[in-house]
Amino acid sequence: MSERIVVVGAALVDDGRLLAARRSAPVELAGRWELPGGKVEPGETADAALVRELREELGVDAEACGRVPGEWPLKSPYVLQVWTARLRPGSAAPEPLEDHDELRWLGPGEIWDVDWLDQDVPAVRQTLAHLGAAEGLT
Ligand code: CDP
């Protein structure tokens, strides 16, 4: 159990739309869509990791808002947790700088238009249940 490593995924919401990112690597995940994010580093908090990953991967200045309840298993030792996030005022628009080759803002009714990674499907479903109505996503 001690070697469990948390991967944080960002439910980045802006103007009633959720950001989805298409992975470009590794080959077995390329072409599938995910909530952008990555591994929490030793000594780092999950929300700090989220902000760092969004800066590195998308070039944005974001803030974590709160955690979506739940946790989803990835390939051991990783587990996925999701945090909602938003762009801070003055942030650049997201761009696929590393790990991804396309981004899409998904509005209400479009959330399931992309081919999410299998493991992200329950996380996205829970995210919608958690904040969908409040953010205008459902
Ligand atoms: O950027 P970093 O190397 O920290 O992490 P990553 O390679 O983006 O993600 C670590 C692992 O979590 C990979 O195996 C991803 O496929 C997985 N992951 C996922 O399944 N769903 C996400 N929303 C984000 C990452």
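One can find the structure itself at the top, above this paragraph.
Note that residues are indexed from 1 along each chain, following the sequence as it is written. At least 70 in pLDDT is required for a residue's local features to be given in this predicted model, at least 80 for side-chain atom pairs to be given and counted, and no such filter applies to totals for whole chains, interfaces and linings, which use all residues. For side-chain calculations, the full set of non-hydrogen atoms in the structure is used, while hydrogens and water are omitted.

Draft legend 1. The arrangement of the overall build of the protein chain in detail. Comment: elements are numbered from the N terminus, with helices defined as DSSP H or I runs of at least four residues and strands as E runs of at least two. On a plain count of helices and strands, the protein chain comes out with two helices and seven strands. Along the chain direction, N to C, the helices and strands of the protein chain fall in the order β-β-β-β-α-β-β-β-α. By the compact-globule yardstick of 14 Å for 138 residues, the protein chain fits well, its C-alpha radius of gyration being 14 Å. Seen along its three principal axes, the alpha-carbon backbone of the protein chain occupies a region of about 40 × 30 × 30 Å. The rule is simple: take the accessible area with a 1.4 Å probe, protein chains only, and divide by the maximum for that residue type; under 20% is buried, over 50% is exposed, in between is partly exposed. Burial status across the protein chain gives 43% buried among its 138 residues. Intrachain contacts of the protein chain at a sequence separation of at least 6 include 68% that bridge at least 24 residues. Computed by Shrake-Rupley with a 1.4 Å probe, the accessible areas treat only the displayed protein chains as cover when residues are assessed. Of the roughly 7000 Å² of accessible surface on the protein chain, a fraction of 49% belongs to carbon and sulfur atoms. The protein chain carries 14 positive and 25 negative side-chain charges, and their two centres are separated by 3 Å. All radius of gyration figures rest on C-alpha atoms, and the globule criterion is 2.2 Å times the number of residues raised to 0.38. Note on contacts: a residue pair is in contact if any heavy atoms of the two residues lie within 4.5 Å. Positive charges come from Lys and Arg alone, negative charges from Asp and Glu alone, with His and the N- and C-terminal ends not counted. A single reference atom marks each charge: NZ on Lys, CZ on Arg, CG on Asp, CD on Glu.

Draft legend 2. Focus on the site of the ligand. As a matter of local geometry, the ligand sits amid 16 residues, with L29, L35, K39, Q119 and D120 nearest to it. Coverage of the ligand by the protein amounts to 80% of the 530 Å² it exposes when considered alone. Of all elements in the fold, only β4 (37-39) and α1 (46-58) reach the threshold of two or more residues within the shell around the ligand. Per element, the largest residue contribution to the shell around the ligand is three residues, and it comes from β4. Residues are counted as near a molecule or strand when any one of their heavy atoms sits within 4 Å of it.

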